[in-house]
Amino acid sequence: MAFVSSGYNPEKPMENRITDIGPKHFEQFYPPVIKANKGKWAYHEVLQAGVLKHVAESGDEVYTVRVGGARLMSVTHIREICEIADKHCDGYVRWTTRNNVEFMVDAEAKVKPLIDDLESRKFAGGSYKFPVGGTGAGITNIVHTQGWIHCHTPATDASGPVKAAMDVLFDDFKSMRLPAHLRVSLACCLNMCGAVHCSDIAILGYHRKPPMLDHEYLDKMCEIPLAVAACPTAAIRPTKVEIGDKKLNSVAVKQERCMFCGNCYTMCPSMPLADTEGDGIVIMAGGKVSNRISYPKFSKVVVAFLPNEVPRWESTTDCIKNMVEAYAAGANKYERFGEWAERIGWERFFDVTGLEFTHHLIDDFRDPAYYTWRQTSQFKF
Ligand code: SF4
Ligand code: SF4
């Protein structure tokens with residue numbers, strides 16, 4: 001189709017320009033039962049995996065059916081969500097902070113028809129469009145990032161490994177058999193967009209080779225001091241290089257100081273470092289954000305490297321499944337993954353998971369690394 005103007009005039013770009021209007025107020029989109037009982041909820045129950053019941057002081061009830069979302073979705077799929085909301089929920093629907101979708105109804109009789117409808121919908125390939133689950137002590141959606149779909153700094157993909165992992169963890173999305181809820185997150189580089197640094201289990205894209213240097217264009221493409229200042233280990237210094245008969249400003253990278261973070265590439269397009277064999281995945285574990293019982297925790301690196309195995313990432317999904325089973329078997333009720341690992345001791349964690357402990361896992365970044373070593377004789381053989 002040829003160009004169709006929206007009414008915007010490129011000759012007068014500032015004319016009729018609307019700005020700083022912010023998002024729509026959320027109250028505009030409240031289902032009536034939510035609006036009427038806002039701030040007056042008395043209690044809630046989890047009726048079954050994926051189904052919540054909230055009861056208000058007035059006695060009003062709202063039933064919520066949570067379904068998995070792939071996060072990356074077409075307008076066609078969103079229209080189907082809207083169609084379901086129109087059919088069962090008077091047109092109301094919401095998305096959760098983990099990108100699940102929640103349909104709400106105001107009477108128990110409306111719950112089963114809604115669930116039956118949701119579970120009956122599948123893609124041509126056979127995957128559920130709207131699997132019901134994600135509540136309580138199970139595994140809900142994986143918070144994830146752009147990957148090879150859209151970002152220029154990834155060391156792994158996002159949508160691919162997440163689909164592979166959720167397929168393996170699907171039963172735990174649809175049940176609540178674990179000691180506590182278990183959050184899985186993925187980031188495709190160590191910018192860590194999202195929640196990998198604070199999740200029970202985290203999948204992180206990782207490089208293993210230093211950046212290449214496009215000396216010919218570096219000074220034209222990059223603000224050199226920014227690239228120098230981008231490096232956490234000061235591996236980069238400004239320098240002059242000779243290309244042909246020309247002397248050019250560029251940078252030098254001390255390879256033995258580089259730990260492949262890719263931060264310089266973020267600042268300077270002439271320092272690319274992505275590599276098919278070099279890149280892969282690090283697994284971290286034991287993070288949490290809630291203050292329940294123990295303080296929030298960072299996740300810790302427990303597997304230094306797994307290869308990118310397109311399209312199903314078998315080593316990564318095997319590793320995660322193995323960790324989930326060890327946790328399910330060993331942890332006490334209410335105990336999050338990190339609380340369990342700290343209670344039994346990380347040396348025992350490596351025993352029961354069978355994960356290999358390598359020197360890569362020992363912190364060596366600046367003064368704070370010292371505090372991660374063991375200043376006690378307390379340990380288990
Ligand atoms: S985690 Fe890194 S690669 Fe992934 S979307 Fe964020 S910045 Fe891009
Ligand atoms: S990849 Fe990271 S550690 Fe290596 S030179 Fe660039 S900024 Fe420094």
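Residues numbered from 1 in each chain as written. Chains lettered and ligands numbered in written order. Predicted model: local features only at pLDDT ≥ 70, side-chain atom pairs only at ≥ 80, totals over all residues. Heavy atoms only, no water.

As annotated in an unreviewed UniProt entry, the protein carries the name Dissimilatory sulfite reductase, beta subunit and is attributed to Desulfatibacillum aliphaticivorans.

As for the domain arrangement of the protein
In terms of domain boundaries, the protein breaks down into domain 1 (26-120), domain 2 (158-208 + 276-372) and domain 3 (217-267). For domain 2 versus domain 3, the separation of C-alpha centres amounts to 33 Å. Together, the buried faces of domain 2 and domain 3 total about 520 Å²; carbon and sulfur atoms form 58% of this surface. Area buried by domain 2 at its contact with domain 3 is led by Leu-190, His-207 and Phe-365, which between them contribute 54% of it. Applying the counting rule to domain 2 against domain 3 returns 0 salt bridges. At the junction of domain 2 with domain 3, the criterion picks out 1 residue pair in polar contact (both at pLDDT 80 or more). (Domains from an automatic or database assignment. Buried area = accessible area lost by both parts, 1.4 Å probe. Salt bridge = Lys/Arg side-chain N within 4 Å of Asp/Glu carboxyl O. Polar contact = N/O pair within 3.5 Å; in protein donor to acceptor, adjacent residues only side chain to side chain.)

Thoughts on helix H10 (residues 346-353)
Every α-helical turn comprises 3.6 residues, leaving residues that sit three or four positions apart pointing alike. When H10 is considered as a whole, its buried residues turn out to be Trp-346, Phe-349, Phe-350 and Thr-353. End-on view of H10: buried residues confined to an arc of 95 degrees, all on one side of the axis. Each element contacted by the buried residues of H10 is listed here: strand E10 (280-285), strand E11 (300-307), helix H8 (314-330) and helix H9 (337-344). Count one or two residues on from H10 and you reach Gly-354, which has phi positive near 75 degrees. (Buried < 20%, exposed > 50% of the residue type's maximum accessible area, 1.4 Å probe, protein only. Helix = DSSP H or I, 4+ residues; strand = E, 2+ residues; numbered from the N terminus. Arc of directions from axis to C-beta. Contact = heavy atoms within 4.5 Å.)

Describing the site of ligand 1
In the vicinity of ligand 1, the residues found are Thr-145, Gln-146, Cys-151, Thr-153, Pro-154, Ala-187, Cys-188, Cys-189, Asn-191 and Cys-193. Considered class by class, the residues forming the shell around ligand 1 number 6 nonpolar, 4 polar and no charged. (Near = heavy atom within 4 Å. Nonpolar A, V, L, I, M, F, W, Y, C, P; charged D, E, K, R; others polar.)

Some thoughts on the packing of aromatic side chains
A ring pair, where both rings are aromatic, is described by two values, the distance of the centres and the angle of the planes. Under the counting rule described, the total for this entry stands at 14 aromatic pairs. Between Phe-337 and Phe-349, the ring centres sit 5.8 Å apart and the planes meet at 75 degrees, which makes this aromatic pair edge-to-face. Linking Phe-337 in helix H9 with Phe-349 in helix H10, this pair joins segments that are 12 residues apart in sequence. A residue is classified by how much of its surface remains accessible, and Phe-349, at 0% relative accessible area, is buried. Among the aromatic residues, those joined into a cluster by ring pairs are Tyr-327, Phe-337, Trp-340, Trp-346, Phe-349, Phe-350 and Phe-357. (Phe/Tyr/Trp six-rings, centres within 6.5 Å; stacked < 30°, edge-to-face > 60°.)

Quick look at the pairing of strand E3 (residues 61-67)
Along a regular strand, successive side chains alternate from one face of the sheet to the other. A large share of E3 lies buried, amounting to 6 of its 7 residues. Relative to E3, strand E2 (residues 51-56) runs antiparallel, the two sharing 5 bridges. The residue of E3 that forms the bridge with Val-55 is Glu-61. In this structure, E3 lies alongside strand E5 (residues 101-105), joined through 5 bridges in antiparallel fashion. Paired with Tyr-63 across the two strands is Val-105, which belongs to E5. (Pairing = 2+ DSSP bridges.)

Examining the nonpolar core
Ranked by size, the top nonpolar core spans 39 residues in total, and within it Leu-182, Ile-201, Ile-283, Val-302, Met-323, Phe-337 and Phe-349 carry the most contacts. Listed by contribution, the elements that provide at least two residues to this core are helix H4 (159-173), strand E6 (184-187), strand E7 (201-206), E10, E11, H8, H9 and H10. Considering each element in turn, this core owes the most residues, 6 residues, to H8. Counting 17 residues, the second-largest nonpolar core is a separate cluster that includes Val-51, Ala-85, Leu-114 and Leu-118. (Core = buried A, V, L, I, M, F, W, Y, C linked by side-chain atoms within 4.5 Å.)

Regarding the site of ligand 2
Near ligand 2 the following residues occur: Pro-211, Cys-231, Pro-232, Thr-233, Ile-236, Val-253, Cys-258, Met-259, Phe-260, Cys-261, Gly-262 and Cys-264. The residue makeup of the shell around ligand 2, split by class, is 10 nonpolar, 2 polar and no charged.

Considerations on the sheet that holds E10
Read from one edge to the other, the open sheet built from 4 strands follows the order E6-E7-E10-E11, with strand pairing classed as mixed. Whereas interior strands pair on both sides, the edge strands pair on one side only; in this sheet they are E6 and E11. The average undirected angle you get between the axes of adjacent strands in this sheet is 20 degrees. Across 6 bridges, E7 lies against E10 in antiparallel orientation. Each residue of the ladder has a partner; that of Ile-203, found in E10, is Ile-283. (Axes fitted to C-alpha atoms, helices over the stretch in contact; angles between N-to-C directions.)

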